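As a plain string of letters, each chain reads:
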Amino acid sequence: MGKIKFDELLKKMKPKRVDMNPYKLYLVTDDQQDLETLKWVVEQAVAGGVTMVQVREKHGDVRAFIERAEAVKAILAGTGVPLIINDRVDVALAVDADGVHLGQTDMPATTARRLIGENKILGLSIENEEQLAQAESLPIDYIGLSAIFATPTKTNTKMHWGLKGLSYALNQTELPIVGIGGINESNIPELTATGVHA
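Residues numbered from 1 in each chain as written. Predicted model: local features only at pLDDT ≥ 70, side-chain atom pairs only at ≥ 80, totals over all residues. Heavy atoms only, no water.

### A short note on the overall build of the protein chain
Selection criterion: Where helices and strands are cited, they refer to DSSP runs of H or I of at least four residues and of E of at least two residues respectively, numbered from the N terminus. Exposed residues in this analysis have more than 50% of their type's maximum accessible area, buried residues have under 20%, and partly exposed residues fall in between, with area computed by a 1.4 Å probe over protein chains only. Throughout, a residue-residue contact means that at least one pair of heavy atoms, one from each residue, lies within 4.5 Å. Throughout, the Shrake-Rupley method with a 1.4 Å probe supplies accessible areas, and for residues the shown protein chains are the sole cover considered.
Summing up its helical and strand segments, the protein chain has eight helices and seven strands in all. A burial count over the protein chain gives 43% of its 198 residues as buried. Contacts in the protein chain between residues far apart in sequence, at least 24 positions, make up 56% of those at least 6 positions apart. By element, 53% of the accessible surface of the protein chain is carried by carbon and sulfur atoms, the whole surface being about 10,900 Å².

Written as structure tokens, this is what we have:
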């Protein structure tokens, strides 16, 4: 087989990934907020420069999840800001979201990719070095490195990566990394200095 044909074959085998460069500031919604507060927060966040919104619901009420996702989708319409659904591929399909973000105990990434198709965004939370190594071969578009710092909204995290762990992860993978957990105005400059993607 000639080199050109081999290169073409490699391109076909390698998962096509969404360009994550436009998505620098990623909002994960708060499932403790009522619907009106959620809508107001999303509107204000987009006005303030948020470039991607993930609707996160952990209560198991699928109808409420769909209602909240549809409300956020209506706010994002025409803004160019993608709607990502946390954990639930069925909800993402129901509202025709722009993508899904999976945790380690959710549907396998390969199954999710098959269901949502090639053109949707697929993210995966990574909690340790072993998962980081495995992520490279998965059909995902980005990694959510969790948690960078301690946070009250994620109580089941196995470790906190910190700035050193984040720098290590950036050197270990070609996948874009979104830093998650305990991020606020005071530590954003340090995080940005590592070269983290979002």
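Don't stop here, the text continues.
### Some details on the packing of helix H2 (residues 35-47) against helix H3 (residues 62-76)
Pairs of packed helices are described in terms of their axes, by the angle between the two and the distance that separates them. Rules: For helices, the axis comes from a line fit to the C-alpha atoms of the stretch in contact; other axes are also lines fit to C-alpha atoms, and the angle between any two N-to-C directions lies between 0 and 180 degrees. Between 65 and 115 degrees an angle is taken as roughly perpendicular, under 35 as roughly parallel, over 145 as roughly antiparallel, and anywhere else as oblique. Left-handed describes a crossing whose near helix is turned anticlockwise from the far helix through less than a right angle; right-handed describes the clockwise counterpart. Polarity classes work like this: nonpolar for Ala, Val, Leu, Ile, Met, Phe, Trp, Tyr, Cys and Pro, charged for Asp, Glu, Lys and Arg, and polar for all others, with Gly in that last group.
With their axes 10 Å apart at the nearest point, H2 and H3 run at an angle of 30 degrees to one another. Here H3 runs roughly parallel to H2, going by the angle between their axes. Like other packed secondary-structure pairs, H2 and H3 cross with a definite hand, here right-handed. Along its contact with H2, which presents Leu35, Leu38, Lys39, Val42, Glu43 and Val46, the element H3 presents Glu67, Arg68, Ala71, Val72, Ile75 and Leu76. Of the residues in the contact of H2 with H3, the class split is eight nonpolar, no polar and four charged.

### Observations regarding the sheet that holds strand E6 (residues 142-146)
The cut-off we apply is this: By definition, two strands form a pair when at least two bridges between them are found by DSSP.
Taking strand neighbours across the sheet as the criterion, the seven strands line up as E1-E2-E3-E4-E5-E6-E7 in an open arrangement whose pairing is parallel. Of all the strands in the sheet, just strand E1 (26-28) and strand E7 (177-180) have a single pairing partner and so form its edges. Put simply, the sheet's adjacent strands are angled 25 degrees from each other on average, direction ignored. The sheet contact formed by strand E4 (residues 99-102) and strand E5 (residues 121-126) spans four bridges and is parallel.

### Some points on unusual backbone geometry
Among all residues save glycine, negative phi is the norm, and among peptide bonds the norm is trans. Between Ser146 and Ala147 the backbone carries a cis peptide bond, its omega angle lying at -10 degrees. Structurally, Ala147 is set in the loop between E6 and helix H7 (162-172). Positioned with a positive phi, Asp87 is a non-glycine residue whose angle comes to about 70 degrees. Locating Asp87 in the fold gives a position in the loop between strand E3 (83-86) and helix H4 (89-95). The class of Asp87 is buried, set by a relative accessible area of 15%. Residues other than glycine seldom take positive phi values, yet Asp96 does so here, at roughly 50 degrees. Residue placement: Asp96 occurs in the loop between H4 and E4. Judged by relative accessible area, which is 48%, Asp96 ranks as partly exposed.

### What about the pattern of salt bridges?
Basically, it comes down to this: We define a salt bridge as a side-chain nitrogen of Lys or Arg found within 4 Å of a carboxyl oxygen belonging to Asp or Glu.
What the rule picks out here adds up to six salt bridges. Between Arg88 and Asp90 there is a salt bridge, with its nearest N and O atoms 2.6 Å apart. Judged by relative accessible area, which is 28%, Arg88 ranks as partly exposed. By relative accessible area, which is 38% here, Asp90 ends up partly exposed. Among the ionic pairs, Asp96 bridges to Lys120, the shortest N-O distance being 2.7 Å. Of this pair, Asp96 sits in the loop between H4 and E4 while Lys120 is found in the loop between helix H5 (109-116) and E5, placing the two residues 24 residues apart along the sequence.

### Topic: the nonpolar core
Test applied: Among the buried residues, those of types Ala, Val, Leu, Ile, Met, Phe, Trp, Tyr and Cys that are joined through side-chain atoms within 4.5 Å form a nonpolar core.
Core analysis: the biggest nonpolar cluster contains 42 residues, and Ile85, Ile143 and Leu145 have the highest contact counts within it. If one sorts the elements of this core by residue count, H3 sits on top with five residues. The residues touching Ile143, leaving out its near neighbours within four places in the chain, are Leu124, Ile126, Leu132, Ala135, Thr173, Leu175, Pro176, Ile177 and Val178. Membership of the second largest hydrophobic core comes to eight residues, among which are Tyr26, Met52, Ile84 and Ile180.

### Some remarks on the confidence of the model for the protein chain
Here is the rule: Across the chain, each position has a pLDDT score giving the predictor's confidence in that residue, from 0 to 100.
Within the protein chain, residue pLDDT values average 89, and 87% of them lie at 70 or more. Note on residues 9-13: pLDDT is under 50 here. Beyond four places in sequence and across chains, it has one contact.

### Quick look at H7
Here is the rule we go by: Taken from the helix axis, the directions to the C-beta atoms give the arc we talk about.
What H7 keeps buried is the set Gly162, Gly165, Leu166, Ala169 and Leu170. For H7, the angular spread of the buried residues around the axis is 140 degrees, confining them to a single face. Exposed side chains of H7 directed beyond 90 degrees from the buried face belong to Lys164 and Asn171. On its buried side, H7 packs onto helix H6 (129-135), E6, E7 and helix H8 (188-193).

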